[in-house]
Amino acid sequence: MASTAEDLDREQKLEGIGCARKRKEDPRFIQGKGYYVDDVQLPGTLFGAVVRSPYAHARIKSINKDKAMALPGVKAVLTAEDLKPLKLHWMPTLAGDVQAVLADEKVCFQYQEIAMVIADDRYIAADGVDLVEVEYEPLPALVDPHKAMDADAPVIREDLVGKDEAGQGKRVHNNHIFRWEVGDKAGTDKVFDGAEVTVKQAMVNPRVHPCPLETCGCVASFDKARGDLTVYMTSQAPHVIRTVVSLLSGLPESKIRIISPDIGGGFGNKVGVYPGYVVAIVASIVLGRPVKWIESRIDNLSTTAFARDYHMVGELAADKNGRIKGLRVNVLADHGAFNAHAQPTKWPAGLFSICTGSYDIPTAHVQVDGVYTNKAPGGVAYRCSFRVTEAVHLIERMIDILALKLGIDKAEIRLRNFIQPEQFPYNSALGWQYDSGNYPAALKKVMEAVDYAGLRKEQEEKRKRGELMGIGICTFTEIVGAGPSKACDVLGVGMFDSCEIRVHPTGSAIARMGTISQGQGHQTTYAQIIATELGLPSEVIQVEEGDTSTAPYGLGTYGSRSTPVGGAATAVAARKIRDKARNIAAHLLEVSPDDLDWDIDRFKVKGVPGQEKTMKEIAWAAYNNVPPGMEMGLEAVEYYDPPNFTYPFGAYVCVLDIDRYTGETKVRRFYALDDCGTRINPMIIEGQIHGGLTEAFAVAMGQLLSFDEDGNIQGNSLMDYFLPTAVETPHWETDYTVTPSPHHPLGAKGVAESPHVGGIPCFTNGVNDAFSHLGVTHIDMPHTAFSVWKTLHELGLDKRP
Amino acid sequence: MAKQHITFTLNGEKIEILVEPRELLIHTLREKLHQTGSHIGCETSHCGACTVDLNGKSVKSCTVLTVQAEGGTVTTVEGLATNGQLHPLQEGFMQEHGLQCGYCTPGMLMRAYRFLQENPNPSEEEIRWGMSGNLCRCTGYQNIVKAVQYAAKKLQAAGGA
């Protein structure tokens, strides 16, 4: 810690942890020099375009490629029949199921991949798609998940008929995938039977899509002479992709290089393995030329990785003072036609069992049933840790509904139920150990900042005048940083992450990571961690990610795991280097290592002013003058397996006004307090919170992938799918408290997903609050003007006086 | 289809090129002229990632045919800096943390470049409306607004764009 002005100056020059350092990534992006997958232009590249099904459920009677093949410039048309000899017409999913790479005799969702046309340019490929003739026999489509397990429901997965298991435990119906239960069922039932008060509410987290501005895509390049495969890919997990590609293709991992270049946003959309990648790779191997496949926006919204589609029933049991005694949850999860959700393998409902939230709930039971429907596969974590958005939504709606029933203020009921600061580490009824938190302090700080009492008074006065004003509260706890390998793996690979640091003779350094930024600013923030740990200026620390041939193996970036896991690996790797540096410094200064103190950027001999060696000097010595028996060089690698998840939290309040006659909702104020533990770069944290809140606003107020009764997806372009513009997006106010994680080397917890997870229920609680004096208990998202107007109309409030 | 001979000025340089009549300007820029700064996000004119300046107007180059640029002047993000000096907007986006993944940024910069010539001294609301044809999924726009304000101030001080 700096004590003099000179020390402070030395520390500030490092631009380490806590510094609002400007981003290292920006110069290339603002000059149009980013390098995204579609910018990769290899000589001789062919373009792939996908033939897709117009039907949600149909048998394929025939596919005729002749006309397409006759088009000049078309090089190949690949179908399931072509992939069959390679056994690549089906592929394993991350969830223990299989998925058709190209439809095999039958299509199970609209826009499903039937064939890929490979041609000299994208225009010819698109023309070729139009010339592929496919004859279908339409089948009845199953759209409503509530009807999936009816006796007469259409069988979607004929390949699974007769199997009582689809990779995630026992199933009881042809369209059933799994049942997952956690908690004490008998104990919970007993609490409900004897409860003074109970509330029960059905609610839907509708099907939405992460919709990053850049769609998914790849450039696969197989070098026949060398036998090497290089794939540039929009992947949030390049190393895992390499393992999967190796398993599927039979090529050794050493012959495969996956490169995630700059990624134009991910938000969970770019975790999985999609058919387009697989077919492009096969096409490149077959044709010996680079093959590029880039999704259109319609393909993206229609096929690659929806999120949510959780149909939940929540119940709370409480005493009449509002102290919660039990939570019971039943979920029907619509997973689409293949179980291809992207969760740690052992968790069919992700980390949904965080649904006891920030509250000390002694007893709980959760049951989740997954079902197949004729919709695209997916179920990804859209800017959240696995199924945590759904979990937080459930508990935050339920506690409001309980408050309403008991006539207790919505802030007050939270204060009565919070896990108290002295209860950490806290073991939840559903099996998690929360690492640290101070929930009452966070909520009280926000209540004071927004003058909560004043807002309630204003609301009361407005209600007397017939005006609709809502105050939404959300006090969420996330579970991020997956995760301890004893609990989490992807296809058997533990969910550790990694960092390799090399310090050069002149005192600059390069760090290579197993994670991959999609806009989070890793090049900037990881360098800050190393700067503080090693006393080298962050300016001379280069951070590289995303190339499996140079970076150490890591599980990638999603579920807010980069800072909790990759950041921890960085700190530990840097500390290994500092330990070695201490020994070198002791050798140079001819003292014992124990006689040295670390001071910002140097080791000093205790009690002897002026006897010191800077890290820069030590770096030079590491390459020419090390203690006898020590190897030269100054580098380290760490594969960090976290001992626990981290549990960021926050308290949000929004204030909104509803136009009685149009149903339009105007968010007047949104105040977000986040506690992500130690803060590495406050500027980047604030930016992440702005972005997460905006995505929360989008989900709560407008996003929806809907289907008609034949399974036709409706609204799959940006004409209809709601991405807020600068005009609709509210103004954000941010605040923070700091409660470090006790088990993370830096005390950091991760932040980018909190605002999405906490923001959605805050908005929906706000809209519901506006109606809560009118006998309305719950209105589902999205709260479009039309949806709100329907409520107004039912209540007769839309009639002008 | 018979190719058309097209001539236009791109970032101050004269371009002559043969294109199919149906070829979109964004594809010509990115794939034939290797100016990959402008991006494709939606193909339907909604997202604005492909925004470039054509004859003094912001256009979405994913829905402009290259033949429509005949004889015209096109400016893309690659032409924004002059004599090695960043444009105040580029500085503003960096100083105010107006970008994250960077995918929308070239389109945002090009729209703001034109917008500040249309309205050199805009209010926050005018900026939000003026930039509303460009979508960003990362920033929540607040810092983009600040970046445009930063540039407006700097351009005003320098005596206009």
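Residues numbered from 1 in each chain as written. Chains lettered and ligands numbered in written order. Predicted model: local features only at pLDDT ≥ 70, side-chain atom pairs only at ≥ 80, totals over all residues.

1. A look at the overall build of chain B
Right, on to step 1. On a plain count of helices and strands, chain B comes out with five helices and five strands.
Right, on to step 2. Seen in sequence order, chain B has helices and strands lined up from the N terminus as β-β-α-β-β-β-α-α-α-α.
Right, on to step 3. Computed over its C-alpha atoms, the radius of gyration of chain B comes to 16 Å, within 12% of the 15 Å expected for a compact globule of 161 residues.
Right, on to step 4. In terms of overall dimensions, chain B has a C-alpha envelope of 50 × 30 × 25 Å along the principal axes.
Right, on to step 5. Burial analysis of chain B (161 residues in total) assigns 58% to the buried set.
Right, on to step 6. Restricting to contacts in chain B with at least 6 residues of sequence separation, those with at least 24 account for 60%. (Helix = DSSP H or I, 4+ residues; strand = E, 2+ residues; numbered from the N terminus. Rg over C-alpha atoms; globule rule 2.2 N^0.38 Å. Buried ≥ 20, exposed ≤ 12 C-beta atoms within 10 Å, placed from the backbone. Contact = placed C-beta atoms within 7 Å.)

2. Digging into the domain arrangement of chain A
Residues and elements named next belong to chain A.
Right, on to step 1. We note that the domain assignment places domain 1 (5–34 + 497–640), domain 2 (37–139 + 215–263 + 270–303) and domain 3 (306–482 + 644–794) within chain A.
Right, on to step 2. Taking only C-alpha atoms into account, the centre of domain 1 sits 37 Å from that of domain 3.
Right, on to step 3. Every contact between the two is made by 22 residues of domain 1 and, on the other side, 24 residues of domain 3.
Right, on to step 4. Looking at the side of domain 1 that touches domain 3, the elements with two or more residues in it are helix 14 (522–534) and helix 15 (562–589).
Right, on to step 5. In terms of residue count, the dominant contributor to the side of domain 1 that touches domain 3 is helix 15 (seven residues).
Right, on to step 6. Taken together, the residues of the side of domain 1 that touches domain 3 sort by class into ten nonpolar, ten polar and two charged. (Domains from an automatic or database assignment. Nonpolar A, V, L, I, M, F, W, Y, C, P; charged D, E, K, R; others polar.)

3. Side note on the nonpolar core
Right, on to step 1. Residues L78, L102, V117, C218 and I530 of chain A together with L109 and A112 of chain B are the most contacted members of the largest nonpolar core, which totals 304 residues.
Right, on to step 2. Looking at which element gives the most residues to this core, the answer is helix 10 (residues 388–406) of chain A, with eleven residues.
Right, on to step 3. When neighbours within four sequence positions are excluded, V117 of chain A is seen to be in contact with G48, A49, V51, A68, V74, V77, A125, G128, V129 and V132 of chain A. (Core = buried A, V, L, I, M, F, W, Y, C linked by C-beta atoms within 7 Å.)

4. Side note on the sheet that holds strand 11 (residues 217–223) of chain A
Within a sheet, neighbouring strands are paired by backbone hydrogen bonds and run either parallel or antiparallel to one another.
Residues and elements named next belong to chain A.
Right, on to step 1. Pairing in this open sheet of seven strands is mixed, and the strands run 3-7-1-14-11-12-13 from one edge to the other. Looking along the sheet, the strands with just one partner apiece sit at the ends: strand 3 (74–79) and strand 13 (256–259). Sheet twist, expressed as the average angle between the axes of neighbouring strands with direction ignored, equals 20 degrees.
Right, on to step 2. Relative to strand 7 (residues 113–119), strand 1 (residues 46–52) runs antiparallel, the two sharing six bridges. From the neighbouring strand, F47 faces strand 7, where its bridge partner is A119.
Right, on to step 3. Helix-sheet contacts for helix 8 (residues 275–287) involve strand 1, strand 3, strand 7, strand 11, strand 12 (228–233) and strand 14 (291–294), and the interaxial angle to strand 11 is about 25 degrees. (Pairing = 2+ DSSP bridges. Axes fitted to C-alpha atoms, helices over the stretch in contact; angles between N-to-C directions.)

5. Thoughts on the interface of chain A and chain B
Right, on to step 1. Contacts between chain A and chain B engage 40 residues on the former and 43 residues on the latter.
Right, on to step 2. Secondary-structure elements contributing two or more residues to the side of chain A that touches chain B are helix 2 (26–30) and helix 17 (682–701) of chain A.
Right, on to step 3. Residue classes in the side of chain A that touches chain B are distributed as 15 nonpolar, 17 polar and eight charged.

6. Describing the environment of G379 of chain A
Residues and elements named next belong to chain A.
Right, on to step 1. Turning to its location among the elements, G379 is positioned in strand 19 (residues 378–380).
Right, on to step 2. Sequence spacing of G379 and S517 is 138 residues, and the spatial spacing of their C-alpha atoms is 22 Å.
Right, on to step 3. Each residue touching G379, except ones within four places of it in the same chain, is listed here: A307, D309, H335 and H341.

7. Quick look at the domain arrangement of chain B
Residue and element names in this part refer to chain B.
Right, on to step 1. Taken domain by domain, chain B holds domain 1 (4–79) and domain 2 (88–157).
Right, on to step 2. The gap between the C-alpha centroids of domain 1 and domain 2 is 21 Å.
Right, on to step 3. Across the boundary between the two partners, domain 1 contributes 16 residues, which contact twelve residues of domain 2.
Right, on to step 4. Only strand 3 (51–54) and strand 4 (57–60) provide two or more residues apiece to the side of domain 1 that touches domain 2.
Right, on to step 5. Here the side of domain 1 that touches domain 2 takes three residues from strand 3, the largest share from any one element.
Right, on to step 6. Among the residues making up the side of domain 1 that touches domain 2, the classes are represented as five nonpolar, nine polar and two charged.

8. A short note on the sheet that holds strand 16 (residues 310–318) of chain A
Residue and element names in this part refer to chain A.
Right, on to step 1. In space, the five strands of this open sheet follow the order 9-18-17-16-10, with mixed pairing throughout. For this open sheet the edge positions go to strand 9 (176–183) and strand 10 (197–205), each flanked by a neighbour on one side alone. Adjacent strand axes in the sheet meet at a mean angle of 10 degrees when their direction is disregarded.
Right, on to step 2. Both strand 17 (residues 324–334) and strand 18 (residues 363–371) contribute to a ladder of nine bridges, which runs parallel. Bridging across to strand 18, L332 finds its partner in D369.
Right, on to step 3. On the sheet, helix 10 packs against strand 10, strand 16 and strand 17 and is oriented at approximately 140 degrees with respect to strand 10.

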